[in-house]
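This is what each chain is made of:
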Amino acid sequence: MTETVSPAPSPVPSAARPEAAITLTLEHSVAVVLLDMLGRMDESGAEPVLPPLEHASERVAMWVLRSALEGAVGEDLAGDYDAALDAAHRAVVSDLGEK
């Protein structure tokens, strides 16, 4: 299943606004893995995966992406989160081997 993640639409036409809304299309399993990863990156006391964020806007952008992913796949994870995440990990690695 493919998930489409879209931020809220902009009231200003895209030609007049370079930061107009975009649409990303991700495999469901990739969206689940990203959602989990972003959640872990935002935990207090978590060991950094990447260099520190350089600007406050980067944290906000991460929150916006995480929120959009939660809206797209969060309900699917409401049951057995660990099993769903494990299946997503396997699917992403499997898809990588096929390409």
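For the structure, check the block above.
In this text, all values refer to a predicted model and were calculated from it rather than measured experimentally.

## Considerations on the overall build of the protein chain
Counting its regular elements, the protein chain contains three helices and two strands. Secondary structure elements in the protein chain, listed N-terminal to C-terminal, are β-β-α-α-α. Evaluated residue by residue, the protein chain yields a buried proportion of 18% over its 99 residues. When contacts within the protein chain are restricted to residue pairs at least 6 apart in sequence, those whose partners lie at least 24 apart make up 60%. Summed over its atoms, the accessible surface of the protein chain is roughly 7100 Å², and 58% of this surface lies on carbon and sulfur atoms.

## Section: the environment of Leu85
Note that Leu85 resides in helix 3 (residues 81-98). Expressed as a C-alpha distance, the spacing of Leu85 and Val32, which sit 53 residues apart in the sequence, is 6.6 Å. Here Leu85 is in contact with Val32, Val33 and Asp36, once residues within four sequence places are set aside.

## What about the environment of Ala84?
Assignment of secondary structure puts Ala84 in helix 3. Residue Ala84 is classed as partly exposed on the basis of its relative accessible area, which comes to 23%. When the C-alpha positions of Ala84 and Val32 are compared, they lie 8.1 Å apart, and in sequence the two are 52 residues distant.

## Quick look at the nonpolar core
In terms of nonpolar packing, the biggest core is built from eleven residues, these being Leu26, Ala31, Val32, Leu35, Leu38, Met62, Leu69, Val73, Leu77, Leu85 and Ala88. Those elements giving two or more residues to this core turn out to be helix 1 (28-41), helix 2 (56-73) and helix 3. Element by element, the count of residues in this core is highest for helix 1, at four residues. The residues contacting Met62, other than those within four sequence positions of it, are Leu38, Met41 and Asp42.

## Comments concerning the pattern of salt bridges
Using the criterion set out here, one finds three salt bridges in the structure. Between Arg66 and Glu70 there is a salt bridge whose closest N-O contact spans 3.6 Å. Highlighted residues: Arg66 and Glu70, both in helix 2, separated by four residues, approximately one helical turn. A salt bridge links Asp86 to Arg90; the nearest nitrogen and oxygen atoms lie 2.3 Å apart. Within this pair, Asp86 and its partner Arg90 are both found in helix 3, separated by four residues, close to a single helical turn. Assessed through its relative accessible area of 40%, Asp86 is described here as partly exposed.

What counts and how
Residues numbered from 1 in each chain as written. Predicted model: local features only at pLDDT ≥ 70, side-chain atom pairs only at ≥ 80, totals over all residues. Heavy atoms only, no water. Helix = DSSP H or I, 4+ residues; strand = E, 2+ residues; numbered from the N terminus. Buried < 20%, exposed > 50% of the residue type's maximum accessible area, 1.4 Å probe, protein only. Contact = heavy atoms within 4.5 Å. Areas by Shrake-Rupley, 256 points an atom, 1.4 Å probe, with all protein chains shown as cover. Core = buried A, V, L, I, M, F, W, Y, C linked by side-chain atoms within 4.5 Å. Salt bridge = Lys/Arg side-chain N within 4 Å of Asp/Glu carboxyl O.

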